[in-house]
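Observations on the three-dimensional arrangement
Spelled out from the first residue to the last, the chains are:
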Amino acid sequence: MYPAPRPPGAFQLVASTRDVSTTGPPAPPTAPGQLKFTIAETCDRIKEEFNFLQSQYHALKLECEKLASEKTEMQRHYVMYYEMSYGLNVEMHKQTEIAKRLNAIIAQVLPFLSQEHQQQVATAVERAKQVTMTELNAIIGQQMHAQAGIPHGAHAPTLPMAPHPSLAGMPGLPPSTGAPPGLLSAVSSASLMGLPTHPLSVLGKPDLGRSDDKRERAEERAAALLDERARNSSSPGEKYRPRSRTPDDHDSKRRKDDKGHDSDGEKSDQDLVVDVANEDPNTPPQANGDHRDVRENGEKKPERPPSQSSSSRSTPQLKHEKVSGYDPHPHSGVRAPPLASNGIPTNGSAGKPAYSFHVNGEGQLAPVPFPSDALLAPGIPRHARQINTLHHGEVVCAVTISNPTKYVYTGGKGCVKVWDISQPGSKTPVSQLDCLQRDNYIRSVKLLPDMRTLIVGGEASTLSIWDLATPTPRIKAELISSAPACYALAISPDSKVCFSCCSDGNIAVWDLHNQTLVRQFQGHTDGASCIDISPDGTKLWTGGLDNTVRSWDLREGRQLQQHDFTSQIFSLGYCPTGEWLAVGMESSNVEVLHVNKPDKYQLHLHESCVLSLKFANAGKWFVSTGKDNLLNAWRTPYGASIFQSKESSSVLSCDISADDKYIVTGSGDKKATVYEVIY
């Protein structure tokens, strides 16, 4: 491809044998075998070589452009197939949920049947469990033909045990019997297999006749995703940024839609996006926090096993209008939890769905019976009162409170504002700290225990360290990371070390005294989104977009535990006084894990992504906020609801004062809200 190397001296310029001077000594003889080129010949030779190399360059450039075009096309197909597989995954989980509900119906109705009919039902159920994919495809084809040629009303069963027409003749299914009409109208053989007939279409029956439309929509979404990524490729900060088109665009972190990046170093650049466009406004309402329930043995149980914290990408989430015991009206205000007549907080009594569940080591779940002192024990608040609104002017993605409670720090786009909340009715900040770049959002702000230093991280590879002790706060140092963004920060109890969650999945460990990177904890395969440290400073907890929560031994520098989920982790907090870790998820669940035992609790009052979480310093309660505009306060660890506040937009961040008397939240409507906790 390239010209062969020439021997040394090949292009040596050799003067003419005739000496220019007539009086000087004769020129030395030319060495034997040496080529003689005039200057003109040498220039021509160089020109030829240049033209040859230039033609090769153009050929390689064309080939490179062709490969780039092929790469773009492959990325487009990848995103399209990702969308299609996601849709199929959702449909699969819908059918699984339908099968579970029908199985519960069978279990309830079965005792009322005669022995003969019970045996027939059991046989049908066993046969349904053995259906192969070939038989299933044949059944679906027969169903489609039957629906195309038979009026809708013809599907109404006249005998409850008669098989669905599409299953006629299948071996192992019982013939028609004379069971009392209407007793098992919902339990046809097709339903036993989880195949929805038209009465169950509202539960998510797939529209098999519109696959072409779905494919076209998937292709359109893939093209839109590629266009958006192309627009954002010039700025790594865009990868974890609230878009600034409308205030509601800043309301939530969203799952990553594709991984078509050029290198591993870029794979998490677009992982966390603050966005509300992924919620379907036409989704039907749900009874209680994504657990539409059936009654078994006199107890309410959720539609999906809380032992599997399903992500909204894998299990259909149905938004609901009313939370158990709460006023569904959209106005702001703090509401108290439902109480029984004896004053004990309820969890699913009086016909209302339970929202707190205990999951043992075997994955078995049960509604939690709250103790009588769940809300009456010392140190448990009664409610919270809104006392101040801090109009930041941009989406507030990070907040923190000073100790003693005097200043609130709110992080938005390109700056941190400092508010003096000890002055009643204060409407303007006392200071503004310009950080990062003007268009980059700040994701985390942390005060050192001496209250003289503030550390700021966000959509940049730089962490800013601010000196607050000077009359005018100033940057005293900057820490440069290899990752394009920092999603969360934690400070060691001795103030010597800072931990940053990076968009590339690493946990960076910084020496604050020397302002150097000490080490990196590597384990998360996607962006690390949240972090907390144990009070003794020996253990670190991190959550990530790879659906895992990991613990790290800070003395030995190694990973201790890993908890796997089916939902991305958006927030977590470690209880200051006990062995409990609370985790907020994209799937709207809050899970409270025991760090040494397999037992855990699942809490289901949020309607959408849980974006932030914070324990009170006393450890007896904690708060969580979400894309559903809610601030929920929970009892540790079993999750009795203490109070709930509805704000006007998604609540992205929260903090609790050191004395547990104040809560501050940051929201998507460009403000922070200060609450006074009433005991």
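- As annotated in an unreviewed UniProt entry, the chain carries the name Groucho/TLE N-terminal Q-rich domain-containing protein and comes from Cherax quadricarinatus.
- UniProt's Subcellular location (unreviewed entry) comment on the chain is quoted here verbatim: "Nucleus".
- The UniProt entry for the chain carries the following text under Sequence similarities (unreviewed entry): "Belongs to the WD repeat Groucho/TLE family."

Here's the deal with the overall build of the chain
- Scanning the chain from terminus to terminus reveals 5 helices and 35 strands.
- Residues counted as buried form 50% of the 679 residues belonging to the chain.
- Intrachain contacts of the chain at a sequence separation of at least 6 include 55% that bridge at least 24 residues.
- For the chain, the computed accessible surface area is about 32,100 Å², with 54% contributed by carbon and sulfur atoms.

Comments concerning the UniProt feature "coiled-coil region" (unreviewed entry) in the chain
- When the UniProt feature table is mapped onto this chain, "coiled-coil region" (unreviewed entry) is found at residues 43–77.
- When the span residues 43–77 is considered, its composition is 100% helix and 0% strand, and the gap between its end C-alpha atoms is 51 Å.

Section: the sheet that holds strand β19 (residues 507–511)
- If you trace the 4 strands from one edge of the open sheet to the other, you get β17-β18-β19-β20, paired in antiparallel fashion. The sheet terminates laterally at β17 (486–491) and β20 (516–521), the two strands that pair on one side only. Strand-to-strand twist of the sheet, defined as the mean angle between neighbouring strand axes without regard to direction, takes the value 25 degrees.
- Taken together, the 5 bridges between strand β18 (residues 497–502) and β19 define a ladder with antiparallel strand orientation. Within β19, the residue paired with C498 across the bridge is W510.

So, helix α2 (residues 115–129)
- Taking 1.5 Å as the rise per residue, α2 with 15 residues should run 21 Å; its terminal C-alpha atoms sit 21 Å apart, in good agreement.
- Listing the buried residues of α2 in full gives H117, Q120, V121, A124, V125, R127 and A128. The buried residues of α2 all sit within an arc of 165 degrees when viewed along its axis, so they share a single face. Residues of α2 that are exposed and point more than 90 degrees away from the buried face comprise Q115 and K129.

Quick word on the pairing of strand β14 (residues 453–458)
- Across the 6 residues that make up β14, a large majority, 6, are buried.
- Of the two faces of β14, the one holding T453, I455 and G457 and the one holding L454, V456 and G458 are both buried throughout.
- Alignment of strand β13 (residues 442–447) against β14, held across 5 bridges, turns out to be antiparallel. Bridging from a neighbouring strand, L447 pairs with L454 of β14.
- The hairpin turn running from β13 into β14, its antiparallel successor, is 5 residues long, and M451 in that turn takes a positive phi close to 60 degrees.
- Bridging between β14 and strand β15 (residues 462–467) involves 4 bridges; their strand directions are antiparallel. Directly across from T453, in β15, lies its bridge partner D467.
- In sequence, β14 turns back onto β15 through a hairpin of 3 residues.

Brief notes about the nonpolar core
- Counting residues in hydrophobic clusters, the biggest one holds 35 residues, and the most contacted among them are W621, F622, V623 and I663.
- Setting aside anything within four residues of it in sequence, one finds W621 in contact with G379, P381, F615, A616, W634, T636, I642, I656, D660, I663, V677 and Y679.
- By size, the runner-up hydrophobic cluster in this structure holds 15 residues, among which are I455, A483, C486 and A508.

Description of the environment of V396
- Considering the arrangement of structural elements, one finds V396 in the loop between β8 (383–391) and β9 (398–401).
- Considering only alpha carbons, one finds V396 and D669, 273 residues apart in sequence, at a separation of 8.1 Å.
- Residues within four places of V396 in sequence aside, it is in contact with T410, G411, L652, S653, G666, S667, K670, K671 and A672.

Some remarks on the sheet that holds strand β16 (residues 474–480)
- Sheet architecture is open: 4 strands sit in the order β13-β14-β15-β16, paired in antiparallel fashion. This sheet does not close on itself; its edge strands, each paired only once, are β13 and β16. Across the sheet, the axes of successive neighbouring strands diverge by a mean angle of 20 degrees, strand direction being ignored.

Section: the packing of aromatic side chains
- According to the stated counting rule, one finds 7 aromatic pairs in the structure shown.
- Residues Y355 and F370 carry aromatic rings whose centres are separated by 5.9 Å and whose planes lie at 50 degrees to one another, so their mutual orientation is tilted. Within this pair, whereas Y355 is found in the loop between β5 (333–335) and β6 (356–359), its partner F370 is found in the loop between β7 (365–367) and β8, the two being separated by 15 residues in sequence.
- For Y355, a relative accessible area of 1% corresponds to the buried category.
- F370 gets classed as buried once you look at its relative accessible area, which sits at 10%.
- Taking the centre distance of 5.1 Å and the plane angle of 25 degrees together, the rings of F521 and W552 count as stacked.

Describing the confidence of the model for the chain
- With 66% of its residues at a pLDDT of 70 or more, the chain has an overall mean of 74.
- In this model, residues 151–211 is a region of pLDDT below 50 whose contacts with residues beyond four sequence positions or in other chains number 101 contacts.

Description of the pattern of salt bridges
- Per the stated rule, a full pass over the model turns up 13 salt bridges.
- Two residues, R555 and D553, come together in a salt bridge whose shortest N-O distance is 3.9 Å.
- Its relative accessible area of 7% is what places D553 among the buried residues.
- Between D655 and K614 there is a salt bridge, and its shortest N-O distance comes to 3.8 Å. With D655 in strand β33 (residues 651–656) and K614 in strand β29 (residues 610–615), the pair connects residues that are 41 residues apart, well separated along the chain.

Cut-offs applied
Residues numbered from 1 in each chain as written. Predicted model: local features only at pLDDT ≥ 70, side-chain atom pairs only at ≥ 80, totals over all residues. Heavy atoms only, no water. UniProt positions renumbered as here; feature names shortened; annotations may be inferred. Helix = DSSP H or I, 4+ residues; strand = E, 2+ residues; numbered from the N terminus. Buried < 20%, exposed > 50% of the residue type's maximum accessible area, 1.4 Å probe, protein only. Contact = heavy atoms within 4.5 Å. Areas by Shrake-Rupley, 256 points an atom, 1.4 Å probe, with all protein chains shown as cover. Pairing = 2+ DSSP bridges. Axes fitted to C-alpha atoms, helices over the stretch in contact; angles between N-to-C directions. Expected span 1.5 Å × (residues − 1). Arc of directions from axis to C-beta. Core = buried A, V, L, I, M, F, W, Y, C linked by side-chain atoms within 4.5 Å. Phe/Tyr/Trp six-rings, centres within 6.5 Å; stacked < 30°, edge-to-face > 60°. pLDDT = per-residue confidence, 0-100. Salt bridge = Lys/Arg side-chain N within 4 Å of Asp/Glu carboxyl O.

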